[in-house]
Amino acid sequence: MGGVSEHFEEVSTRDEIWRARPVDARLVGIVVAREGMPSIVEQREQLTAFGVPIAGFRHPAPNVVESWEERLNRLFGRLDKGDVVVVTSAHVFGRDAAEETQTIAELGRRGIMIKVLAHSE
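Attention in this report is confined to the structure presented alongside it. (Residues numbered from 1 in each chain as written. Predicted model: local features only at pLDDT ≥ 70, side-chain atom pairs only at ≥ 80, totals over all residues. Heavy atoms only, no water.)

## Thoughts on the overall build of the chain
Stage number 1. Scanning the chain for helices and strands turns up 4 helices and 4 strands.
Stage number 2. Reading the chain from its N end, one meets helices and strands in the order β-α-β-α-α-β-α-β.
Stage number 3. Looking at the 121 residues of the chain, the share that counts as buried comes to 40%.
Stage number 4. Sequence-distant contacts in the chain: of pairs separated by 6 or more residues, those separated by 24 or more amount to 74%. (Helix = DSSP H or I, 4+ residues; strand = E, 2+ residues; numbered from the N terminus. Buried < 20%, exposed > 50% of the residue type's maximum accessible area, 1.4 Å probe, protein only. Contact = heavy atoms within 4.5 Å.)

Set out below in structure tokens:
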């Protein structure tokens, strides 16, 4: 996914999360329950280990049916220009590569920076 946007960066240390972070920007961790990804609890633990605050963490309600577009609109409505979004994987942003790219591009257009935790495997 590298090169998708100048707002998108993979990070491997806690210090890298803060690089190029606008003054007073909010750091926002996002977790998503999706097949093929670590559990939301594991994602939260990875973000917390990197120093990303997760305020008001709640498990998603299993009975809430919401389209991807509705979820994106809800996400976009909660983010402001200059926010730094941190995720464990770019897969958080879509059900496939096209959705991931589209979501990352839209966040970039809105002035939102994206940091993805690097995994050494």
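## What to know about the pattern of salt bridges
Stage number 1. For the coordinates displayed, the defined rule picks out 4 salt bridges.
Stage number 2. Across the pair Glu 106 and Arg 109 runs a salt bridge, and its minimum N-O distance is 2.9 Å. On the criterion of helical spacing, the pair formed by Glu 106 and Arg 109 is a turn pair, its members being 3 residues apart in helix α4 (residues 97-109).
Stage number 3. Shared partners join several salt bridges into a network, and the residues in it are Glu 106, Arg 109 and Arg 110. (Salt bridge = Lys/Arg side-chain N within 4 Å of Asp/Glu carboxyl O.)

## Some thoughts on the pairing of strand β4 (residues 113-117)
Stage number 1. With 5 of 5 residues buried, β4 lies mostly within the body of the structure.
Stage number 2. Side chains Met 113, Lys 115 and Leu 117 project from β4 onto one buried face, and the interleaved Ile 114 and Val 116 project onto a second face that is buried too.
Stage number 3. Bridging between strand β3 (residues 84-87) and β4 involves 4 bridges; their strand directions are parallel. Of the residues in β4, the one forming a bridge with Val 84 is Met 113.
Stage number 4. The parallel pair β3 and β4 is bridged by α4, and the resulting crossover is right-handed. (Pairing = 2+ DSSP bridges. Right-handed = clockwise from strand over helix to strand, strands pointing away.)

## Quick look at the side chain of Arg 34
Stage number 1. For Arg 34, the location among the structural elements is in the loop between β2 (27-29) and α2 (40-49).
Stage number 2. Despite its burial, Arg 34 pairs with no opposite charge; the closest candidate is Glu 99, at 5.8 Å N-O.
Stage number 3. At a separation of 2.3 Å, a polar atom in the side chain of Arg 34 contacts the main-chain carbonyl oxygen of His 91. (Lys, Arg positive; Asp, Glu negative; His and termini not counted. Polar contact = N/O pair within 3.5 Å; in protein donor to acceptor, adjacent residues only side chain to side chain.)

## Section: the pairing of β3
Stage number 1. Because side chains alternate across β3, one face comprises the buried residues Val 84 and Val 86, and the other comprises Val 85 and Val 87, equally buried.
Stage number 2. The pairing of β2 with β3 spans 3 bridges and is parallel. Looking at the pairing, Val 28 lines up with Val 85 of β3.

## Considerations on α4
Stage number 1. With 13 residues, α4 should reach 18 Å at 1.5 Å per residue; the first-to-last C-alpha distance of 18 Å fits that figure.
Stage number 2. Regarding α4, its N-cap is Asp 96, as a side-chain oxygen of that residue lies 3.1 Å from the backbone nitrogen of Ala 98 further along.
Stage number 3. Following α4 by one or two positions, Gly 111 adopts a phi angle in the positive range, close to 80°. (Expected span 1.5 Å × (residues − 1).)

## Focus: the environment of His 91
Stage number 1. When you line up the elements, His 91 lands in the loop between β3 and α4.
Stage number 2. Once the C-alpha coordinates of His 91 and Met 37 are considered, the two residues, 54 residues apart in sequence, prove to be 7.9 Å apart.
Stage number 3. If we ignore the near neighbours within four places in the chain, the residues touching His 91 are Arg 34, Met 37 and Glu 100.

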